[in-house]
Amino acid sequence: MTPFLRMTGRLLGRGLAGLVGILVGIGLFTAVQAPIVDSIGGAPGLAAMMQRLPPILLALSRTRPEFLAATGLTGFLAIAYTHPLILLLAGAAVVAFAARSLAGEMEQGTIQLTLSRPRSREVAYAARVLGLVVVVALVAVAGPVGTVVGLLAARPAGEFAWAHLLPLAVSTAALVWAIGGLALFGSAVASTAGRVVGWALGLLTVSYFVDTFADVWRVLQPWRPFSLFAYYDPGPVLADGTVNPRHLLVLAVTGLVGVVAGLLVFRRRDLPS
Amino acid sequence: MHDPSATAAITTARLSKRYDRTPALDDVSLAVPPGSIFGVLGPNGAGKTTLIRLLMGFVRPSGGTAAIFGHDCWHDGVAARRDLGFLVTADALYPDLSGRAQLDLAATLSGRPPVLRDRLLDALEFPRSLLGKRLGTYSKGTRQKLALVAAIQTEPALLVLDEPSDGLDPLIQRAFEQVLTDLRDRGRTVFLSSHDLAEVERVCERVAIVRQGRLMAEAAVADLRRQQRRIATVAFATGVPDGLGRVPGVEVRHVEGSRAELLVDGEVGPLLAFLGASEVDDLLIRRPRLEEIFLRYYDGAGAETPAEPVAGHRR
């Protein structure tokens, strides 16, 4: 195995247990949606319930009764992908990797093992980026895998386009890549993993808050374009099988900007003592 | 493999490092000859570790340059570290890896085979049964041994060791010193920092003394000792005679009863002539130990200049 892949493998291996736990959590959460859909009267039953919700609670659901009524099973299953728990788990996976692999290694001194060898900082950073891509891919796939398992196990009533899970995974990957790219930038700037997690948690909370409540609190509307979650709308993706290219572009570029900015910082910064 | 005779193993030229406005290393110029063991001495905070971190490219110089085998440590770091072994602190090893996996990882990253691994494990009496266990279960001394093996196992042309014997028991420390001298005899260069002045005196040919980030002296240990005043301890039969302090080149440092400790500058002839006319029970004349020389540079803490200039002194 080449030193580069060995570095990447080491970075992924260190947090493997936690990553597997998060992936299982995401998969389980999306899997249980199919078995419970019939118990609440299917998508129409849920849509009827939602029509009685006050606007603030409706905003938290991140969907619309009319969308549910129109899309049926697909619309119901899509709700899982905007649930705060799923977003928290997906964000945690990439933020934890980004924080641990760079700031955490600088904090503990383990990065010295690599950088005292004939390996450049650029290569060391590239190993982190490759690791991040792997984590992003796994997180993006975990949800659809859970949905497939749930559908096969419960076989609920209603139509579902299996092929639409692929664009959903792409859309999820774009969101998680953007979060991961920004977290990697934070990791290049910070000297402790805890600080990166704190920054990322704050950013994600504000971003989620702005996007979720912009419809019911007008003062937030101008800030909505700055929220990462404004570019992640799994309902239409799952229903139509297409991803808004502008959304993909914004998230992909955001992640890329974070990654490149992180490289520029890391290649010139002092390692903490 | 680098040709040891081609260029200095390490050179620094007016090397400086400041953290915010605080100087950690100030205008340090030195050259480490290839095929030698070079020691850096200084208390905590003197700048030893900063010097090593600059050599490793972990931090960027605020001024000046550092080079390893002619390659700039910051701008051409990969080439500078191509045949280098560095001792990471024992706490900076991966606690979730086994000892064997840690050594394999270090060798892979070095890009060289671990030709000395078995010999080092034997020399440092590392229990082979521990190699399959996670580092988190190791004692501090065992982790230090593993870190040393990881640094040296590829037999690099240059070894950079920060406090290498930290955590080693005295017997293993002596065995480790033998490893270093063997490496030196095979043409390798060792650059180490240590608090243990006796160890440095035993293994190093040259030393640099740093204080408050500044290089106070750089010289061969033998030259350093030769150029310092000898220490004479005299036991007189009937008390310390008058006139001892007026002997040319002699300074009375300490008197206790009929014993006197003297510092002798230059030739010992005048002192011996004086003692020949006195009743002397015992006489010992010796060169100062490195520890005594080192402490002289730290007498009167806060002084801006060295206590006494020596050959090779760059300031």
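**Comments concerning the overall build of chain A**
Okay, so step 1: Helix and strand counts for chain A stand at 14 helices and zero strands.
Okay, so step 2: Along the chain direction, N to C, the helices and strands of chain A fall in the order α-α-α-α-α-α-α-α-α-α-α-α-α-α.
Okay, so step 3: On the principal axes, the C-alpha backbone points of chain A span a range of 60 × 45 × 30 Å.
Okay, so step 4: Relative to its 273 residues, chain A shows a buried fraction of 48%.
Okay, so step 5: Of the contacts formed within chain A by residues at least 6 apart in sequence, a portion of 82% connects residues at least 24 apart.

**With respect to the overall build of chain B**
Okay, so step 1: Along the backbone of chain B there are 10 helices and 14 strands.
Okay, so step 2: Referenced to the eigenvectors of the C-alpha coordinate spread, the extents of chain B come out at roughly 70 × 45 × 35 Å.
Okay, so step 3: Looking at chain B alone, contacts between residues at least 24 apart form 69% of all its contacts between residues at least 6 apart.

**A word on the pairing of strand β10 (residues 214–220) of chain B**
The side chains of a regular strand alternate between both faces of the sheet.
Residue and element names in this part refer to chain B.
Okay, so step 1: With respect to burial, β10 is a largely interior element, five of its seven residues being buried.
Okay, so step 2: Note: strand β9 (residues 206–211) against β10, six bridges, orientation antiparallel. Along β10, the bridge assignment pairs A208 with E218.
Okay, so step 3: Hairpin connection, β9 to β10: the antiparallel pair is bridged by two residues, and Q212 has positive phi, about 50°.

**Some points on the interface of chain B and chain A**
Accessible area lost during the coming together of the parts is what is often quoted as the interface size.
Okay, so step 1: Taken together, the contacts link 23 residues of chain B with 20 residues of chain A.
Okay, so step 2: Every element with two or more residues in the side of chain B that touches chain A is listed here: α2 (77–80) and α3 (99–110) of chain B.
Okay, so step 3: Among the elements that line the side of chain B that touches chain A, the one with the most residues is α3(B), at five residues.

**Structural notes on the environment of A:V197**
All names here are of chain A.
Okay, so step 1: Here V197 lies in helix α12 (residues 193–213).
Okay, so step 2: Classification of V197 by C-beta neighbours within 10 Å gives buried; the count is 22.
Okay, so step 3: With near-sequence residues (within four places) excluded, V197 lies in contact with V95 and A99.

**A few points about the sheet that holds strand β5 (residues 71–72) of chain B**
For sheets, the rule is that strands pair by backbone hydrogen bonds, running either parallel or antiparallel.
All names here are of chain B.
Okay, so step 1: The antiparallel open sheet is built from four strands, whose spatial order is β2-β1-β4-β5. Only two strands of the sheet have a single partner each, and these edge strands are β2 (22–32) and β5.
Okay, so step 2: The pairing of strand β1 (residues 10–19) with β2 spans seven bridges and is classified as antiparallel. Of the residues in β2, the one forming a bridge with R18 is P23.
Okay, so step 3: Against the sheet, helix α1 (residues 48–55) touches β1, β2 and β4 (63–68), its axis set at about 65° to β2.

**Some remarks on helix α2 (residues 16–31) of chain A**
Residue and element names in this part refer to chain A.
Okay, so step 1: Between the first and last C-alpha of α2 there are 22 Å, a value that for 16 residues agrees with the 22 Å anticipated at 1.5 Å per step.
Okay, so step 2: Those residues of α2 that fall on the buried side of the exposure criterion are L19, I22, L23, I26, G27, F29, T30 and A31.
Okay, so step 3: Considering only its buried residues, α2 is in contact with α3 (33–37), α8 (84–108) and α10 (121–154).

**Things to note about α10(A)**
Okay, so step 1: Between its terminal C-alpha atoms α10(A) stretches 50 Å, which fits the 50 Å expected from 34 residues at 1.5 Å a residue.
Okay, so step 2: Just beyond α10(A), the residue with positive phi is A:R155, at close to 45°.

**Thoughts on the sheet that holds strand β12 (residues 250–256) of chain B**
Residue and element names in this part refer to chain B.
Okay, so step 1: The four strands lie next to each other as β12-β13-β11-β14, forming an open sheet whose pairing is antiparallel. In this open sheet, the two edge strands, each paired with only one partner strand, are β12 and β14 (280–286). Going across the sheet, the axis of each strand differs from the next one's by a mean of 20°, ignoring polarity.
Okay, so step 2: Sheet topology places β12 next to strand β13 (residues 259–264); six bridges connect them, and they run antiparallel. If you follow V255 over to β13, its bridge partner there is A260.

**Let's talk about unusual backbone geometry**
All names here are of chain B.
Okay, so step 1: Positive phi is not limited to glycine here, since D20 has a value of about 55°.
Okay, so step 2: Turning to its location among the elements, D20 is positioned in the loop between β1 and β2.
Okay, so step 3: With 4 C-beta atoms packed within 10 Å, D20 lands in the exposed category.
Okay, so step 4: Even without glycine at this site, E155 takes up a positive phi of about 50°.
Okay, so step 5: Mapping E155 onto the fold places it in the loop between α5 (140–152) and β7 (158–162).
Okay, so step 6: Among the residues examined, E155 registers 20 C-beta atoms within 10 Å and is labelled buried.

**Examining the packing of α2(A) against α8(A)**
Residue and element names in this part refer to chain A.
Okay, so step 1: Contact geometry for α2 and α8: axes closest at 10 Å, N-to-C directions at 160°. Judged on the interaxial angle alone, α8 and α2 are roughly antiparallel. The two elements α2 and α8 cross, and the hand of that crossing is left-handed. Touching G18, L19, I22, G25, I26 and F29 of α2 are L85, I86, L89, A90, A92, A93 and A96, all from α8.
Okay, so step 2: When grouped by side-chain class, the residues that make up the contact of α2 with α8 number 11 nonpolar, two polar and no charged.

**Some thoughts on the packing of α3(B) against α5(B)**
All names here are of chain B.
Okay, so step 1: In contact at an axis separation of 9 Å, α3 and α5 are set at 25° when each is read in the N-to-C sense. When the axis of α3 is compared with that of α5, the two are roughly parallel. For the crossing formed where α3 meets α5, the hand is right-handed. Residue-level contacts link G99, Q102, L103 and A106 of α3 to L146, V149 and A150 of α5.
Okay, so step 2: Split by residue class, the contact of α3 with α5 holds five nonpolar, two polar and no charged.

**Re the environment of B:L262**
All names here are of chain B.
Okay, so step 1: If you trace the backbone, L262 turns up in strand β13.
Okay, so step 2: On a C-alpha basis, the gap between L262 and A232 in space is 5.0 Å, while along the polypeptide they are 30 residues apart.
Okay, so step 3: The contacts of L262, once residues within four sequence positions are left out, are A232, V234, V250, E251, V252 and R253.

Conventions used here
Residues numbered from 1 in each chain as written. Chains lettered and ligands numbered in written order. Predicted model: local features only at pLDDT ≥ 70, side-chain atom pairs only at ≥ 80, totals over all residues. Helix = DSSP H or I, 4+ residues; strand = E, 2+ residues; numbered from the N terminus. Buried ≥ 20, exposed ≤ 12 C-beta atoms within 10 Å, placed from the backbone. Contact = placed C-beta atoms within 7 Å. Pairing = 2+ DSSP bridges. Axes fitted to C-alpha atoms, helices over the stretch in contact; angles between N-to-C directions. Expected span 1.5 Å × (residues − 1). Parallel < 35°, antiparallel > 145°, perpendicular 65-115°, else oblique. Left-handed = near helix turned anticlockwise from the far one by under 90°. Nonpolar A, V, L, I, M, F, W, Y, C, P; charged D, E, K, R; others polar.

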